[in-house]
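Spelled out, the chains give:
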Amino acid sequence: MDSGHRNIVDRHGTWSNFSGRVHAQPSRVCYPRSETELQTLVRDTRENVRAVGTGHSCTPLCATDGLLVCLDDIAGIVAISKDKQTATIRGGSKIHDLGPTLRDAGLATINQGDVDVQSIAGAVSTGTHGTGPSLGSMSTAVRSMRIVLASGDVLECSSDVEPEIFKAARVSLGAFGVISEVELQLVPAYRLHQREWKEGVSGARSFISRSNQNRHLEFFWSPARDVVYLKSLNPTDDEPSDLPDQKRELIGHSADVFPSIREDPFNELEFAVPAAKGVECFQEIRKMMRERHEEVFWPVEVRTLAADDIDLSPAFERDSVTLSVHQAADLPSDKLFADAQAVFANYGGRPHWGKFHTLEARELRDLYPNWDNFLKIRSRLDPSGKFANPYLRVLLGA
Ligand SMILES: Cc1cc2nc3c(=O)[nH]c(=O)nc-3n(C[C@H](O)[C@H](O)[C@H](O)COP(=O)(O)OP(=O)(O)OC[C@H]3O[C@@H](n4cnc5c(N)ncnc54)[C@H](O)[C@@H]3O)c2cc1C
């Protein structure tokens, strides 16, 4: 039976990520239709296995010449608990497919990123986040998960069951196994009032204090115009509407308001730095780009992210400001990204796992206090490296 999933490789059998920067020639691409099928697939193969969601990561996390497993057909909501305000969601579900069902149940996600096309397992695996000084990444909303291990067995973990594994698994880059299900903490459904406005670049100075006055606040610095565009989102009981100046102000259900449309392919580098240093770091990025990269048109995005306790989370035990530098996919970005990465290094910046960077294990270990713990759990769960690829071996140094 044709399950109707999209074909994620072209007619030459090549898989590419969203920006087109990463290509791979998997020997097989499989679309299991159930957790049981997934278990058999993983257990029976002698090849390396990488899971892919929507392929929105800029780094070669999903690249493999072995088996590429796409969970498009393991999607949908398994159960909703109105009491606990949680939903159990199959790993391949796209975030944009969750909103309406959750809303009908009177629930909504706590926070979301810029777009909602990612799979839930893919978003969680790299610590995808939105903005809000008291709000963690989507990984922090995971209450429990089911992971298909190299043996084909299913591991269930939560803060009560296998808590050490759970802490690490919530940002684990597909290195522990294939996540077939996550239970997500939700909140009562809410509406958001979105406002967007422009300010001179000095407006960035008070970003942290103003962030604390809004549930969500972010800004985009335009290098071409040297101005900042701020965007705030705050809960409201007002009815959904497009307000007079439609583009700059609107009210809607949270799942409708969070996502933007990002169709033009781009590459991106993002680092999380200590929140208290965020504005200073932004000023240095701005100076560097004005002095050395006048050609860049794409904006720098600045957001806040609350500290968490997940081993490889960029916000591990640190309230953070995240800064993202973008470049169009068809323009050179290596020099820009190298210069930006050098600035972030001075601030102890930790890279977003799904966005471009060139850090390797020896540098990363210094940035993540629980690095060795993560590696220990990984070798326990995947002793033969079934879920490794060349990129992960360099990244994790094992
Ligand atoms: C236009 C655009 C906007 C973005 N906006 C934001 C944003 O606002 N905030 C932010 O933080 N990031 C953002 N990102 C980055 C993006 O959210 C992450 O790269 C995310 O991981 C992509 O999800 P995906 O489903 O495409 O995962 P993929 O890129 O397909 O995979 C990412 C990782 O997850 C693993 N994985 C996928 N599925 C599974 C599974 N079932 N089990 C185990 N591992 C799995 C893969 O092996 C890989 O390691 C954006 C990227 C783009 C291109």
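Criteria and cut-off values
Residues numbered from 1 in each chain as written. Predicted model: local features only at pLDDT ≥ 70, side-chain atom pairs only at ≥ 80, totals over all residues. Heavy atoms only, no water. Helix = DSSP H or I, 4+ residues; strand = E, 2+ residues; numbered from the N terminus. Rg over C-alpha atoms; globule rule 2.2 N^0.38 Å. Buried < 20%, exposed > 50% of the residue type's maximum accessible area, 1.4 Å probe, protein only. Contact = heavy atoms within 4.5 Å. Areas by Shrake-Rupley, 256 points an atom, 1.4 Å probe, with all protein chains shown as cover. Core = buried A, V, L, I, M, F, W, Y, C linked by side-chain atoms within 4.5 Å. Salt bridge = Lys/Arg side-chain N within 4 Å of Asp/Glu carboxyl O. Near = heavy atom within 4 Å. Polar contact = N/O pair within 3.5 Å; in protein donor to acceptor, adjacent residues only side chain to side chain. Nonpolar A, V, L, I, M, F, W, Y, C, P; charged D, E, K, R; others polar. 1 Å grid on protein atoms, 1.4 Å probe; cavity = no way out; pocket = protein on both sides within 12 Å on 5 of 7 lines; lining within 4 Å. Points joined across faces, edges and corners; volume = space filled by probe spheres on them. Domains from an automatic or database assignment. Pairing = 2+ DSSP bridges. Axes fitted to C-alpha atoms, helices over the stretch in contact; angles between N-to-C directions. Parallel < 35°, antiparallel > 145°, perpendicular 65-115°, else oblique. Left-handed = near helix turned anticlockwise from the far one by under 90°.

S.K.: Would you explain the overall build of the protein chain in this entry?
M.R.: Secondary structure summary: the protein chain contains 11 helices and 20 strands in total. Against the 2.2 N^0.38 benchmark of 21 Å for 398 residues, the protein chain shows a C-alpha radius of gyration of 20 Å, consistent with a compact globule. In terms of its C-alpha atoms, the protein chain occupies a principal-axis envelope of roughly 60 × 45 × 45 Å. Buried positions account for 58% of the 398 residues belonging to the protein chain. Across the protein chain, the fraction of contacts at a sequence separation of at least 24, relative to all contacts at a separation of at least 6, is 71%. For the protein chain, the exposed surface amounts to about 16,700 Å²; the carbon and sulfur share of it is 48%.

S.K.: Would you mind going over the nonpolar core with me for this structure?
M.R.: Soluble globular proteins tend to bury their nonpolar side chains together. If you look at the biggest cluster of nonpolar residues, it comprises 81 residues, and the most contacted ones within it are V325 and F344. Element by element, the count of residues in this core is highest for helix α7 (residues 278-292), at six residues. Once residues within four sequence positions are removed from consideration, V325 is found in contact with N267, E268, L269, I285, M289, V300, L336, F337, A340 and F344. Formed by 13 residues, the second largest nonpolar core is a distinct cluster that contains V49, L67, V69 and A150.

S.K.: Any chance you could explain the environment of I8 here in plain terms?
M.R.: When you line up the elements, I8 lands in the segment before β1 (15-16). According to the relative accessible area criterion, I8 is buried, its value standing at 9%. On a C-alpha basis, the gap between I8 and D72 in space is 9.9 Å, while along the polypeptide they are 64 residues apart. If we ignore the near neighbours within four places in the chain, the residues touching I8 are T14, W15, V29, Y31, V52, L68 and C70.

S.K.: Help me understand the pattern of salt bridges, please; the structure alone is not making it clear to me.
M.R.: In a structure, side chains of opposite charge can pair up when their charged atoms sit close to one another. Within the structure shown, the criterion is met by 26 salt bridges. Between R292 and D339 there is a salt bridge whose closest N-O contact spans 3.4 Å. Separated by 47 residues along the polypeptide, R292 in helix α7 and D339 in helix α8 (residues 334-345) bring together distant segments of the chain. One continuous salt-bridge network, built from bridges that share partners, spans E268, E270, E301, R303 and K355.

S.K.: Before we go on, may I ask you to explain the site of the ligand in this structure?
M.R.: The environment of the ligand is formed by 35 residues, the closest being A51, G53, S57, D114 and T126. Here an oxygen atom of the ligand and a side-chain polar atom of T128 are 2.9 Å apart. For the ligand, an oxygen atom lies 3.0 Å from a polar atom in the backbone of L173. Elements with a contribution of two residues or more to the shell around the ligand: β4 (49-52), α3 (120-125) and β11 (178-188). Tallied by class, residues from the shell around the ligand come to 13 nonpolar, 17 polar and five charged.

S.K.: Can you help me understand empty space enclosed by the protein in this one?
M.R.: Taking a probe equal in size to a water molecule and rolling it over the atoms shows the remaining empty space. In this structure the tally under the stated criterion is three cavities of 30 Å³ or more. What lines the largest cavity is a set of 14 residues, among which Q112, T131, E218, L233 and F258 lie closest to the centre. Where the lining of the largest cavity is concerned, the elements lending two or more residues are β13 (216-222), β14 (227-236) and β18 (300-305). Here the lining of the largest cavity takes three residues from β13, the largest share from any one element. Its residues assigned to classes, the lining of the largest cavity shows three nonpolar, six polar and five charged. When we break the lining of the largest cavity down by domain, the ones giving at least three residues each are domain 2 (77-189) and domain 3 (191-352).

S.K.: Can you walk me through the sheet that holds β13 in this structure?
M.R.: Picture the strands of a sheet paired through backbone hydrogen bonds; they go either parallel or antiparallel. Spatial strand order, β15-β16-β12-β14-β13-β18-β19-β17-β20: nine strands in an open sheet with antiparallel pairing. Strands at the two margins of the open sheet, each flanked by one partner only, are β15 (241-242) and β20 (350-351). Judged from the six bridges that link them, β18 and strand β19 (residues 320-328) form a sheet pairing that is antiparallel. Note that in β19 the partner of L305 across the bridge is S320. Seen against the sheet, α7 touches β13, β17 (266-274), β18 and β19 and runs at an angle of roughly 20° to β19.

S.K.: I would appreciate a short explanation of the packing of α7 against α8 in the present structure.
M.R.: Pairs of packed helices are described in terms of their axes, by the angle between the two and the distance that separates them. Axis separation between α7 and α8 bottoms out at 10 Å; the angle between their running directions is 150°. By the angle between their axes, α7 is roughly antiparallel relative to α8. α8 is crossed by α7, and the crossing has right-handed handedness. Where α7 approaches α8, its residues C281, E284, I285, M288, M289 and R292 are matched on the opposing element by L336, D339, A340, V343 and F344. Tallied by class, residues from the contact of α7 with α8 come to eight nonpolar, no polar and three charged.

S.K.: Which parts of the structure should I look at to understand helix α10 (residues 371-381)?
M.R.: Of the residues making up α10, those classed as buried are W371, N373, F374, L375, I377, R378 and L381. Lining the buried residues of α10 we find β10 (154-158), α4 (163-169), α9 (361-367) and α11 (390-396).

S.K.: Would you mind showing me how to read the environment of E218 here?
M.R.: Along the chain, the position of E218 falls in strand β13. Residues E218 and T304 lie 86 residues apart in sequence; the distance between their C-alpha atoms is 7.4 Å.

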